[in-house]
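Listed below are the residues making up each chain.
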Amino acid sequence: MTTDQNTGTARDMLEPVLTRCAEAETCADPSSVMTLLADSSRTGGGFTSYRSGFAKGAAGAPAHFHTKAWELFFVISGSLQVLVGEEVSVLGAGDFLAVPPHTPHAFAAAPGEEADVLFVFTPGMGRFDYLRLLGRVMRGEADPAEIAASSEQYDNHYVDSPVWRAALERSA
């Protein structure tokens, strides 16, 4: 707690967040590498952010939604296939997408493409443990049932999407 010099009142002070690439924790699975940038514990709950590099054909995330957070996507390079609601499209380098709460969405590297994507969730919540869990499940080190059991904790609710399944089948 600090004192505001203008008003003389006590207030919580948020600190800038700097994550150096060389020092950032990474989580890997067979088709992607996630670089953990800033979890909500470092941002006063304002946001959570990580960067994912997807290999060609990487599955990404199945259809899901969040009840509290917006999920923001910024494609740094490559192409990302996304589902938003019932529409599938491809985002290219420099494209930005903001998905509001309660909107089903999914993503994967576009067919035949790699993708490098910055993700931001706002408001933030502790998601790094969820990303670590995903990596362990994808590597066969954890039971997939742990993901389903954590849906409320990490505000990640999976749904069935025939539209997304059809898009993935066409891509295969």
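Residues numbered from 1 in each chain as written. Predicted model: local features only at pLDDT ≥ 70, side-chain atom pairs only at ≥ 80, totals over all residues. Heavy atoms only, no water.

## Focus on unusual backbone geometry
Between Thr122 and the following residue, Pro123, the backbone shows a cis peptide bond with an omega angle of -5 degrees. Not every positive phi belongs to a glycine, and His102 is a case in point at roughly 70 degrees. Backbone geometry places Asp155, a non-glycine residue, at a positive phi of 55 degrees. Here Asp155 lies in the loop between α3 (151-154) and β12 (157-158). (Helix = DSSP H or I, 4+ residues; strand = E, 2+ residues; numbered from the N terminus.)

## A few points about the layout of surface pockets
Rolled over the atoms, a probe sized like a water molecule indicates the empty space that remains. Considered as a void within the structure, the largest pocket measures approximately 380 Å³ in volume. Taken together, 25 residues line the largest pocket, and the ones lying closest to its centre are Gly60, Ala61, Pro62, Phe107 and Leu134. Secondary structure elements with two or more residues in the lining of the largest pocket: β4 (32-38), β5 (48-54), β6 (61-65), β11 (115-122) and α1 (128-138). Take the lining of the largest pocket: its biggest share by element is five residues, from α1. Grouping the constituent residues of the lining of the largest pocket by class yields 16 nonpolar, six polar and three charged. (1 Å grid on protein atoms, 1.4 Å probe; cavity = no way out; pocket = protein on both sides within 12 Å on 5 of 7 lines; lining within 4 Å. Points joined across faces, edges and corners; volume = space filled by probe spheres on them. Nonpolar A, V, L, I, M, F, W, Y, C, P; charged D, E, K, R; others polar.)

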